[in-house]
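# Chains, contacts and geometry: an overview
So the chains spell out like this:
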Amino acid sequence: MDLGIKGKRALVCASSKGLGKGCAKALAAAGCELVLNARGAEALEATAAELRDAYGVPVTAVAADITTEEGRAKVLEAAGRIDILVTNAGGPPPGVWSDWSRDDFIKALDANMLTPIALMQALLPGMMERGWGRVVNITSQAVKAPLAPLGLSNSARTGLTGFVAGTSRQIAGSGVTINNLLPGIHDTDRATSLDKGVAEKQGITMDAARKQREATIPAGRYGTAEEFGATCAFICSQHAGFMVGQNVLLDGGGVNTTL
Ligand code: NAP
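Keep in mind that this is a model prediction, so the values were computed, not measured.

Below, the discussion takes up the pattern of salt bridges. The tally for this structure, following the rule as stated, stands at 12 salt bridges. The salt bridge involving Glu33 is made with Arg9; its shortest N-O contact spans 3.2 Å. One end of the pair, Glu33, is in strand β2 (residues 33-38); the other, Arg9, is in strand β1 (residues 9-12), and 24 residues separate them in sequence. Judged by relative accessible area, which is 26%, Glu33 ranks as partly exposed. Its relative accessible area of 15% is what places Arg9 among the buried residues. One salt bridge connects Glu214 with Arg210, and the closest N-O pair in it is separated by 3.1 Å. Placement of both Glu214 and Arg210 in helix α7 (residues 206-214) is noted, with a separation of 4 residues, approximately one turn of the helix. Residue classification places Glu214 among the buried positions, given a relative accessible area of 19%. Here the salt bridges do not stand alone but share partners, grouping Arg81, Asp83 and Arg130 into one network.

Structure (structure tokens):
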């Protein structure tokens, strides 16, 4: 399917690996120019080169911490005009509700709520002026159903979801859509590190930890970054212009709800 976004300029945050990379890849395949970001320059440059070679699109790589004001300024300066924004950053560490300090919450809010909001505040006005734009925020299944050890994530991402619910409807008339994409368990470094925590805590092997988690997913497996990226690119396409303020869950059926 032609997604109708060839030549659009997309900023994909936190995209040297994992789900962000999956989104960048699918947007490159649709013919978008890319601005990629991550903190580590080496993996970022490797991903940029891989996508340039595979899809022949211009790719700018900006090594910076997107959760800091300086990092965002650096990324936005290099990015210039942006038609498509995919927000993403690392997720907060797991833990226990009684242990989290104010600083832990501020860090999670900065990374997973205030950073995407700041990026939207910076880029939405230009999209609205030009009469076209797409924003996809990578959040989590934790927004639909809480994951107790990920309370920092539950809190911060729910705050972002509230902001998007109101703002997406306020700006929809200008041709700009904002939606959230909610990953369930996907096969990335993040999933491996969560499995590692479970293996250590329960004294089981990594393989057993993974099988245990797979058994909680009706699809019986982890999702892939490619599947995630394809959905992201569709939400960024011309075809999805009527999709506003939605929370799209990609979880192999893991969250047991009717709606
Ligand atoms: P991942 O495989 O660990 O990849 C994270 C990517 O983000 C890397 O490219 C990393 O590069 C970059 N990154 C991390 N922190 C950054 C920062 N502060 N500034 C710029 N770049 C940053 O993670 P993932 O699985 O793709 O997860 C992406 C998001 O989805 C996370 O917020 C995660 O919590 C959420 N999520 C994932 C799953 C899952 O199963 N995978 C499920 C639910 C929610 P550098 O380290 O070099 O910066």
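Continuing now.
The next subject is the environment of Leu3. Inspection of the secondary structure puts Leu3 in the segment before β1. Taking relative accessible area as the criterion, Leu3 reaches 14% and is therefore assigned buried. Sequence-wise, Leu3 and Ser237 are 234 residues apart; in three dimensions their C-alpha atoms are separated by 5.0 Å. Each residue touching Leu3, except ones within four places of it in the same chain, is listed here: Ala30, Ala233, Phe234, Ser237, Gln238 and His239.

On inspection of all chains with the given rule, the structure shows 1 aromatic pair. With a centroid separation of 6.2 Å and an interplanar angle of 85°, the aromatic rings of Trp100 and Phe105 are classed as edge-to-face. Of the residues examined, Trp100 reaches a relative accessible area of 15% and is grouped as buried. Among the residues examined, Phe105 registers a relative accessible area of 29% and is labelled partly exposed. One residue, Lys8, lies across the ring of Trp132, its end atom 4.1 Å from the ring centre.

About the criteria used
Counting from 1, residues in each chain are numbered in the order their sequence is written. Reporting in this predicted model follows two pLDDT cut-offs: at least 70 for local features of residues, and 80 or more for side-chain atom pairs to be given and counted; totals over whole chains, interfaces and linings ignore these cut-offs and use all residues. Excluding hydrogens and water, the side-chain values take into account all heavy atoms of the structure. Within this document, salt bridges are pairs made up of a side-chain nitrogen of Lys or Arg and a carboxyl oxygen of Asp or Glu, the two lying within 4 Å of each other. Helical segments are the DSSP runs of H or I of at least four residues, strand segments are the runs of E of at least two, and each set is numbered from the N terminus. Relative accessibility decides the category of a residue: with a 1.4 Å probe and only protein chains considered, values under 20% of the type maximum give buried, values over 50% give exposed, and everything between is partly exposed. Should any heavy atoms of two residues lie within 4.5 Å, those residues are counted as being in contact. Stacked, edge-to-face and tilted labels apply to pairs of Phe, Tyr and Trp rings (six-membered ring for Trp) whose centres lie within 6.5 Å, assigned for plane angles under 30 degrees, over 60, and everything in between, in that order. By definition, being over a ring means that NZ of Lys or CZ of Arg is both within 6 Å of the ring centre and within 35 degrees of the ring normal.

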